[in-house]
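Listed below, chain by chain, are the residues.
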Amino acid sequence: MLIWPLLLVFIALWAQNATPPAYNQPYRPQFHFSPREYWTNDPNGVVHFEGEYHLFFQYNPLGDQWGHMSWGHAVSRDLVHWQQLPVALAEKNGVMIFTGSTVIDEHNTSGFCTGGKPCMVAIYTGHTPESGARPALQTQNIAYSNDRGRTWKKYSGNPVLNLNMSDFRDPKVFWSQQSRRWVMGVSLPNDHKVRFYGSADLKRWTQISEFGPAGATDGQWECPELFELPIEGGGGATRWVLKVGLNPGALQGGSGEQYFVGQFDGTKFQNDNPASLQLWTDYGKDCYCALTFNGLPRNQRAVMIGWMDNWQYAAQLPTSPWRGQMTFPRSLSLRKTAEGLRLVQEPYEGLKRLKGPQSGTGLAAASFGDAQSFGNTDMLQTHTFLLHSEMKTGDAQQIGWRLLADSSHYTLVGYDTQRHKLFVDRTHSGLTSFSKDFPATIEAPLVLQGDTLSLDILVDRCSVEVFADGGQVTSTNLVFPPEGANGLETLAKGGRGGRISASMTEIRSIWE
Ligand code: FRU
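Residues numbered from 1 in each chain as written. Predicted model: local features only at pLDDT ≥ 70, side-chain atom pairs only at ≥ 80, totals over all residues. Heavy atoms only, no water.

1. What about the overall build of the protein?
Here's step 1: Helix and strand counts for the protein come out as 2 helices and 34 strands.
Here's step 2: A compact globule built from 512 residues should have a C-alpha radius of gyration of about 24 Å, and the protein, at 23 Å, falls within 12% of that.
Here's step 3: Taking the principal axes of the C-alpha coordinates as reference, the protein spans close to 70 × 65 × 50 Å.
Here's step 4: Every one of the 512 residues in the protein was classed for burial, and the buried ones make up 57%.
Here's step 5: Contacts in the protein between residues far apart in sequence, at least 24 positions, make up 61% of those at least 6 positions apart.
Here's step 6: For the protein, the accessible surface area stands at approximately 20,000 Å², while carbon and sulfur atoms represent 51% of it.
Here's step 7: With 43 positive and 48 negative side-chain charges, the protein shows a separation of 5 Å between the mean positions of the two kinds. (Helix = DSSP H or I, 4+ residues; strand = E, 2+ residues; numbered from the N terminus. Rg over C-alpha atoms; globule rule 2.2 N^0.38 Å. Buried < 20%, exposed > 50% of the residue type's maximum accessible area, 1.4 Å probe, protein only. Contact = heavy atoms within 4.5 Å. Areas by Shrake-Rupley, 256 points an atom, 1.4 Å probe, with all protein chains shown as cover. Lys, Arg positive; Asp, Glu negative; His and termini not counted. Charge placed at Lys NZ, Arg CZ, Asp CG, Glu CD.)

The structure is reproduced here in structure tokens:
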């Protein structure tokens, strides 16, 4: 009877809450998606359909460097636990499958759906590398699936959009209620423009408008996306956000993303702000080509997931057998501030399903000095936790935290009360020498409304995602601390911090 020993092994594993070895190498993210092996960059085609969330991703099925780009595939029932499936769309005849999006064709506008049921249609860039005298070619293509994304057929009439350009990529398609048609935003990277096309059937596309140049225009514009968000406390009022990736030339160097806030009438995006205004979705170094989910249930807030990495050093990250990972999904809204509407991001609420024990030593004190240690060491050893804190600035020049610390390593997450900057200092975080661009002190402008700094910090072995001031400023950064760097201490420089309350919660592995 083979079943009994197997059952016992299963029970033993379950009892230990063990992470399987395939997901337990040094630095392996425990609650962020990473492929079992090999290279990933941008999330692609993220969509909800029939109770499943689909995460497609730029994937090299043959190695841990960029190449042979295909769409990897993972599914989730709760947007938290992922199961990796076989490659959805593979490179063929030397044409790579670059970034794109997936829509649910509810009413079979494409004619691809069978059995009177909705189907999935993916819209992606086909990339033919240059060869000899022939320059590279990027065109927009479609593929469809009638079995919940398990198998895909490329459309025989591909490409559906071809401008004979070497740089023309990253189509994001959505259904526009206003103009009752499909709308595609796609990038002309070197012109710093987003082109908008409209279509009734996903096959024939006509240009309807164009946006740009505006904001930051160094480097190439990539991964554009237009989406509508509610304004917090706005009684149902909404505004549109146009997000654009920039590589290189982002605020912190290398790749990063900016956004514009405005209106969209189904045809044209109108920027509310002067073209010169630069707004950044994330002030860290490691959040790129983020994408919001299509097809979410009506009552669900917009959710976005990004590639937690930077093209400056993505190829050198000290991880194996995988390279690259996603951010934790983030729920989005817009907030009215004195300066205008700003993007707000909060960890997707499904995080609560992963919450383990809270530290018994929650901290509450009338004031705090430098290097007061805090936290439950068992919890700190796993390097997977959520640290929430509210700190009054007191008379300190800098307040915050020193985390993942041992006698010579640490990562600082803090606030400079005089310069009004949130900062993450990873210059002493551990392994940093694999790229000259990695060690950095990364700053974000943050003017506190009162004198309280509110921080939610998600730590997952090799990443620190900071949500400050209720998500109004985020800073996402990778770190590679040594094993045993389990210290967590307050930071207070040039004075004492004021009232503090903090709690720490273990975040369980999604791979258990
Ligand atoms: C952004 C990007 C996209 C492109 C993809 C290729 O990271 O350069 O513009 O489609 O990666 O892997």
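Next comes the rest of the write-up.
2. Quick notes on the environment of Leu 161
Here's step 1: You can see Leu 161 is positioned in strand S9 (residues 161-165).
Here's step 2: Owing to a relative accessible area of 8%, Leu 161 belongs among the buried residues under this scheme.
Here's step 3: Remark: the alpha-carbon pair of Leu 161 and Ile 142, spanning 19 residues in sequence, is separated by 9.8 Å.
Here's step 4: Excluding its chain neighbours within four sequence positions, the residues that come into contact with Leu 161 are Thr 139, Gln 140, Phe 168, Met 184, Tyr 197 and Trp 205.

3. Examining the state of the cysteines
Here's step 1: Evaluated as defined, the whole model comprises 2 disulfides.
Here's step 2: The disulfide that involves Cys 113 links it to Cys 119, with 2.1 Å between the sulfurs. Taking the torsion about the sulfur-sulfur bond, which here is approximately -60°, the covalent link between Cys 113 and Cys 119 counts as left-handed. Accessibility assignment for this pair places Cys 113 and Cys 119 in one class, buried.
Here's step 3: Residue pairing for Cys 223: its cysteine sulfur links by disulfide to Cys 289, the two sulfurs lying 2.1 Å apart. (Disulfide = S-S within 2.5 Å.)

4. Notes on the packing of aromatic side chains
Here's step 1: Going through the model one piece at a time under the given rule, you end up with 32 aromatic pairs.
Here's step 2: Measuring from centroid to centroid gives 5.3 Å for Phe 211 and Phe 269, while their planes differ by 80°, and the two rings are edge-to-face. Pair noted here: Phe 211 is in strand S13 (residues 206-211) and Phe 269 is in strand S17 (residues 269-271), with a separation of 58 residues, a long-range link. Per residue, the accessibility class of Phe 211 equals that of Phe 269, and both read buried.
Here's step 3: Through successive ring pairs, a cluster of aromatic residues spans Tyr 23, Phe 33, Phe 57, Tyr 59, Trp 82 and Trp 511.
Here's step 4: Just above the ring of Trp 322 sits the side chain of Arg 28; from NZ or CZ to the centre is 4.1 Å.
Here's step 5: Over the ring of Phe 112 we find Lys 203; its NZ or CZ atom is 4.7 Å from the centre of that ring. (Phe/Tyr/Trp six-rings, centres within 6.5 Å; stacked < 30°, edge-to-face > 60°. Lys NZ or Arg CZ within 6 Å of the ring centre and 35° of its normal.)

5. Structural notes on the sheet that holds strand S14 (residues 220-230)
Here's step 1: Read from one edge of the open sheet, 4 strands run S14-S15-S16-S17, paired in antiparallel fashion. Of all the strands in the sheet, just S14 and S17 have a single pairing partner and so form its edges. The average undirected angle you get between the axes of adjacent strands in this sheet is 40°.
Here's step 2: As judged from the 9 bridges shared by S14 and strand S15 (residues 238-247), these two strands associate in the antiparallel manner. Opposite Gln 220, over in S15, you have Asn 247 as the bridge partner. (Pairing = 2+ DSSP bridges. Axes fitted to C-alpha atoms, helices over the stretch in contact; angles between N-to-C directions.)

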